[in-house]
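Each chain, written out:
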Amino acid sequence: MTGLVIVGHGTRSAAGVEQFAALVERVRGRGDIGDVEGGFIELSRPPLTDAVGALVASGHRALVALPLVLTGAGHGKGDIPAAMAREQQRHTGLSYRYGRPLGPHPLLHEALEQRIDAALTGADRAGTELTGADRADTELPGADRAGTWVALIGRGSTDPDANAEVAKVARLLWEGRGYAGVEPGFISLAQPSVPAVLERLRRLGAHRIVVAPYFLFAGVLPDRIVAQSAEFAAAHPHLDVRVAEVIGDCDALADLVLERYAEALGGDIRMNCDTCAYRVLMPGFADKVGRPQRPHDHPDDPVGHHHHGHDHHGHHDHGSVAVVGGGPGPDDLITVRAKALLDAADVVVVDRLAPQGLLAGLRPDVLVVDAAKVPRGPSMAQEAINEALVSHARAGRRVVRLKGGDPYVFGRGHEEVQACVAAGVPVTVVPGVSSALAAPALAGVPVTHRGVAHDVTVVSGHLPPGHPDSLVDWAALARARGTVVLLMAVDTIGKIASVLIEHGRAPETPVLAVQDAGLPDQRSVPARLDEIGAVAAREGVGPPAVFVLGPVVALTTTGPTA
């Protein structure tokens, strides 16, 4: 028979570890499965690798891995599969079928109902009074629910689908059970918080509230729910606030584990992928799309080399960096994905040429770091920028490195990606519209055109011809017949034009300087190649400016403006 490995996240609570172990033993004792082991991906013993190793040592080469999680968030979608992939590398020929998360499920809803009833009748520890109010109805029958409001408190996640499942469970718990109402909330990473939910219920006229933790086992976060509920109750002594127990080790939970095991064996895995933030771009969560699965490092696992911190406070636990191209300057020329990442960001490290208007739309709590590099002026060193990206991501923040144009076109974007990779920080790149193409287009110049130009070369003019660090073959460029687009060439355009003419480019080649492309002050300054240096100086062309030269300039549809 296929072995079962029950995979938990891990907890610092000894009671929580004991409850997990008791459930594993309860499932094992049913005798429906030949071999059952349980392990954690972090924080607690035994580690997952020990559990898998025990099953392999018993002769199993095919397993069911069941994530003991209530919702399909990051641990179930990424961390546990990545940890199992590592076990497959360790054990040649090992295969496994993956079970789906436990909830929502009627067995869990019935267990929650029982915990709430126990809190109402005072039959459990957490159901004791949290206020100093005198009441004659201390022993309430389980059926007396009409005057009871329930605050269902989940863990909270940076996965919107997982948070939505908690809201769904709240509604399912309300339907048909006679409670005055059930409101969802979260103890970490998501809103509304425990105090916010309790305040909402108070304003709705609640006099009796049962706070129901939507948790499997004891732990730091359930304890925090109790503490915050008690604090709210103390501040509102007229309210009857009680806290129910967690679901805990029980027959219903064991029944559900066995059901999920059977589903996995039969290939009946009904997961919701339509609103999965790792597959679909959800507003505010664009940084998750396509994120690779990475295992946690358990301290008792041979590969474990660091502690994976979980503070469960304002920021999510897994920081990341997105190197984003902001386009040529206008706010509305940024990509949809880039805008979604900005909306989700905790920190934005911004360049001078990035679309500045978008900063006004950021949340008030977003930290904006000015990483401007002003020509002949103050600038932030690249090493300092790299350090800022890494340090903020390591602190668990979602960082957007907002750059002008495209980050991989003279934007040092890959240097920043390399710094993140070296530091072990998850990083993604979002291309942007480069000014090399956008500026000519906005000035009415196509950089290629049938019968006129079949090639376009984008060149950095930051270093002039003859500079020992320049990598440009100016002589070869002069012999080309196509379009040349020069970036960062305001100070060097005269010398560049002279060298191009010296090596064969026609002096009468048309050139167009486009300054402040896409912005209200955009202007175009035309000239011949042999005159562009003097004309640009006379007209006061300044950065940001793009120079486009070649026969395509004569095709401009909007006409030059100076």
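Refer to the structure above for everything that follows.
> Honestly, the overall build of the chain in this entry has me stumped. Any pointers?
Assigned secondary structure in the chain consists of 15 helices and 18 strands. When burial is assessed residue by residue, the chain has 52% of its 562 residues classed as buried. Summed over its atoms, the accessible surface of the chain is roughly 24100 Å², and 54% of this surface lies on carbon and sulfur atoms.

> What should I look at first to understand the pairing of strand β2 (residues 36-40) in this one?
Within β2, 4 of the 5 residues are buried, which leaves it mostly tucked inside the rest of the structure. In this region the chain leaves strand β1 (residues 3-8), passes through helix α1 (residues 14-30) and returns to the parallel neighbour β2; the handedness of that crossover is right-handed.

> I would appreciate a short explanation of the nonpolar core in the present structure.
When a protein is soluble and globular, its nonpolar side chains tend to lie buried together. In this structure, L4, I6, V27, L68 and L152 are the most contacted members of the largest nonpolar core, which totals 45 residues. Per element, the largest residue contribution to this core is 7 residues, and it comes from helix α8 (residues 251-266). Sequence-distant contacts of L68, defined by excluding residues within four places in its chain, comprise I6, V7, F20, L23, L102, L216, F217 and V257. The next biggest cluster of nonpolar side chains, apart from the first, holds 24 residues, and it includes L486, V511, A513 and V535.

> Looking at this structure, how should I read the sheet that holds strand β15 (residues 483-487)?
Within a sheet, adjacent strands bond to each other through the backbone by hydrogen bonds, running parallel or antiparallel. In spatial order, the strands read β14-β15-β18-β16-β17; together these 5 strands make up an open sheet with mixed pairing. Each of the sheet's edge strands pairs with one partner strand only, and the pair in question is β14 (456-460) and β17 (523-528). Taking each pair of neighbouring strands and ignoring which way they run, the sheet shows an average axis angle of 20°. The pairing of β15 with strand β18 (residues 545-549) spans 4 bridges and is classified as antiparallel. Residue pairing in the sheet places V485 in a bridge with V548 of β18. Across the sheet, helix α12 (residues 435-442) is in contact with β14, β15, β16 (510-515) and β18; its angle to β18 comes to roughly 75°.

Definitions and limits used
Residues numbered from 1 in each chain as written. Predicted model: local features only at pLDDT ≥ 70, side-chain atom pairs only at ≥ 80, totals over all residues. Heavy atoms only, no water. Helix = DSSP H or I, 4+ residues; strand = E, 2+ residues; numbered from the N terminus. Buried < 20%, exposed > 50% of the residue type's maximum accessible area, 1.4 Å probe, protein only. Areas by Shrake-Rupley, 256 points an atom, 1.4 Å probe, with all protein chains shown as cover. Right-handed = clockwise from strand over helix to strand, strands pointing away. Core = buried A, V, L, I, M, F, W, Y, C linked by side-chain atoms within 4.5 Å. Contact = heavy atoms within 4.5 Å. Pairing = 2+ DSSP bridges. Axes fitted to C-alpha atoms, helices over the stretch in contact; angles between N-to-C directions.

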